[in-house]
Every structure is written in C-alpha cells, then in structure tokens.
Amino acid sequence: MATLSLRNVVKRYGHGPKANQVIHGVNAEIKDGEFIVIVGPSGCGKSTLLRMVAGLEEISGGEIAIGPRVVNNLEPAERDIAMVFQNYALYPHMSVFDNMAYGLKIAKVPVEEIKARVDKAAKILELGHLLERKPRELSGGQRQRVAMGRAIVRQPQVFLFDEPLSNLDAKLRAQTRLEIQKLHRDLGITSLFVTHDQVEAMTLAQRMIVMNGGNMEQFGTPEEVYHTP
Ligand code: ADP
Ligand code: ADP
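For every chain, the first residue of the written sequence is number 1, and numbering continues from 1 along that sequence. Working convention: letters from A go to chains and numbers from 1 go to ligands, in the order in which they are written. Only residues with pLDDT of 70 or above have their local features reported here, since the model is predicted, and side-chain atom pairs are shown and tallied only from 80 upward, although totals for entire chains, interfaces and linings are computed over all residues. The basis for every side-chain value is the complete set of heavy atoms in the structure, and neither hydrogens nor water enter the calculation.

## Side note on the sheet that holds strand 6 (residues 81–84)
The strand order across the open sheet built from six strands is 6-7-8-3-9-10, with neighbouring strands paired in mixed fashion. Bordering the open sheet on either side are strand 6 and strand 10 (215–220), each of which pairs with just one other strand. With direction set aside, neighbouring strand axes in the sheet form an average angle of 20°. Any pair of residues with heavy atoms lying within 4.5 Å of one another is described as a contacting pair. What counts as an axis is a line fitted to C-alpha atoms, over the stretch in contact for a helix, and the angles between N-to-C directions run from 0 to 180 degrees. Under the scheme used here, helices are H or I runs from DSSP no shorter than 4 residues and strands are E runs no shorter than 2 residues, and both carry numbers assigned from the N terminus. Against the sheet, helix 1 (residues 46–54) contacts strand 3 (35–39), strand 6, strand 7 (158–162), strand 8 (190–195) and strand 9 (207–212), and its axis sits at roughly 150° relative to strand 7. Being paired, for any two strands, means DSSP has found at least two bridges between them.

## Considerations on the packing of aromatic side chains
Note on ring pairs: Phe, Tyr and Trp rings are taken, using the six-membered ring of Trp, and paired if centres are within 6.5 Å. Classes follow the plane angle, with under 30 degrees stacked, over 60 edge-to-face and the rest tilted. Per the counting criterion, the structure on display carries five aromatic pairs. With a centroid separation of 5.9 Å and 40° between ring planes, the pair formed by Phe 35 and Phe 193 is classed as tilted. Taken together, the residues Phe 35 in strand 3 and Phe 193 in strand 8 connect sequence positions 158 residues apart. Here Phe 35 and Phe 193 have matching classes, each one buried. Note on Phe 159 and Phe 161: the rings are 5.4 Å apart at their centroids and 40° apart in plane angle, and the pair reads as tilted. Ring pairing ties together the aromatic residues Phe 35, Phe 159, Phe 161 and Phe 193, which thus form one cluster. Partly exposed describes any residue whose relative accessible area lies between the buried limit of under 20% and the exposed limit of over 50%, with all areas from a 1.4 Å probe on protein chains only and scaled to the type maximum.

## Quick look at the nonpolar core
By nonpolar core is meant a set of buried Ala, Val, Leu, Ile, Met, Phe, Trp, Tyr and Cys residues that side-chain atoms within 4.5 Å join together. If you look at the biggest cluster of nonpolar residues, it comprises 43 residues, and the most contacted ones within it are Met 100, Val 118, Phe 159, Ile 180 and Phe 193. Other than its neighbours up to four places away in sequence, Met 100 contacts Val 118, Ala 122, Leu 127, Leu 131, Val 146, Gly 149, Arg 150 and Val 153. In this structure, Leu 6, Ala 28, Val 53 and Ile 64 belong to the second largest nonpolar core, which totals 29 residues.

## A few points about the sheet that holds strand 1 (residues 4–13)
Taken together, four strands build an open sheet; the order of strands is 2-1-4-5 and the sheet is antiparallel. On the outer flanks of this sheet lie strand 2 (20–30) and strand 5 (69–70), each paired with one strand and no other. The pairing of strand 1 with strand 2 spans eight bridges and is classified as antiparallel. Bridge assignment links Arg 12 to a residue of strand 2, and that residue is Gln 21. Where helix 1 meets the sheet, it contacts strand 1, strand 2 and strand 4 (61–66), and its direction lies at approximately 115° from that of strand 1.

Honestly, that's just the spatial picture; any functional story needs more than this.
And the structure:
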C-alpha cells in the first residue's frame, strides 16, 4: 500500500505547434488505502490520466509518485501497480489457476510462492473450487473475479480500474461493484477507478476527482462534490 501523488501532471499528444494538450496540470494527493474514482464525460482525459499512472502512456510534464518513489521513467512492471480492464480477456486455453499465475511465472516468482499467492487470492474471491476450470466453464461474474485475482496476486501498491463494469449487464454490474467494495475492505489497497457513470462514482468513491476538458474541476467526497452551492 502506498500514497499516490499527482503533481502538476500534464499530457500532450504530438509535438511542436501541432501538439494537443489534453491534461492541463492535475494535482492530487491520494492517501494510503484510499478508493478514488475519476469521473467525467467522454474525452475529458480519464483514461489518459490512468494510463500515465500505469506507465502505458508517457507523461509530458509534472510528476507521478507512488509512495516516495517518482515513477515517471519506470516501466509498467516496475511500478507496483495492477490494472483491471474493461475487457478482462482471460486466456481461453488455460485453467483459472494458470490464468492467475501467468504474470507471476513471467516475472519468475518461485513456484511455491505462486501457489501460495494464487490460493490466497482464490480464497478471497471464492474461486477455490474453480481453479481447474477453463474460462468458458465459468459464469460472467466468476470470470470477472478471475480477472481481479490476476491483479491481486501481483500484490500491487496501487490498483487501477479502467471502467471494469461498463460492458456488464445491470445485474452483473451491481454484483461486481459489491465484489470490488469487498476487495477494498479486505485488502485496503490504494485504488484509482475510472468511470463515466456518476452513480457508480458516488457509490464507490471515498473521494472523487471530477475531470472536465483535461482539468480537475473538483476533488472531494461525494457529499462535497454534489452539495457545493
Ligand atoms: P476519456 O478517458 O475521459 O474518455 P481520454 O483520456 O481517452 O478521455 O482522451 C482525452 C483526450 O485525449 C481526447 O480528446 C482524446 O481524443 C485524446 N487522445 C487520447 N488518446 C490519444 C492519442 N493516442 N493520440 C492523440 N490524442 C489522444
Ligand atoms: P477509451 O476512453 O475507452 O480509452 P477511446 O476511444 O478514447 O476509448 O480510445 C481508444 C484508443 O484510441 C486508446 O488507445 C486511445 O489512446 C486512442 N485514441 C483516442 N483518441 C485518439 C485520437 N484522437 N488520436 C489517436 N488515438 C486516439
């Protein structure tokens, strides 16, 4: 777990006179263990901001720090983050266990350690009885939990969620939202969750960042954001 600091973060696409600045200096100090939702209309810069924290997009100005460590120039794998995507594409030919273990195998984590981490994650997500199954033998909700399991086993300092609920039907969306809340209660990992859905934002956020046109317009609890005069 760690704090997450955004210090005057700027993003420009392109170079020279044709450059298009899409993030205009965002400042936010996110506390250790906080669940933050970034909300705003399509095109306001939510995923760009998240992808800069993840290291999938270069930062054009300012600084991003996870704990005391400035991560601007670190590769995604070196940042102690894990990301849960909208399309949680699991490997269809691999078992649930292997899907969760895959990233750790690549990172050359010892086999015993992999087994211990996957078992622990499976317990938290109630997947223990499904470890030998293939993704096609799972319900939508179970697949979503495997995708989260894959993120948990990395033991990240920060969780990044990129609209993970937006392709789900209403019932599964509500169910997965509860899973995410439970996960955060259990593990207390500092989290950034992107959505364009205000209700989702209000339900999940401890504090929310409201983006508009590349600017951070508000940063506060849902009460503060929706009850400003
Ligand atoms: P949101 O996630 O809020 O929908 P994005 O972060 O995807 O917004 O996009 C913010 C702005 O940056 C938009 O105007 C978008 O067109 C632009 N943008 C995003 N990715 C690129 C890119 N690779 N090259 C150029 N412009 C981009
Ligand atoms: P999302 O907001 O879900 O990321 P987008 O349609 O904004 O979806 O972006 C999809 C992909 O296209 C992203 O990888 C983004 O970086 C890229 N992209 C978005 N806008 C532009 C743009 N104006 N020029 C080039 N690439 C873009």
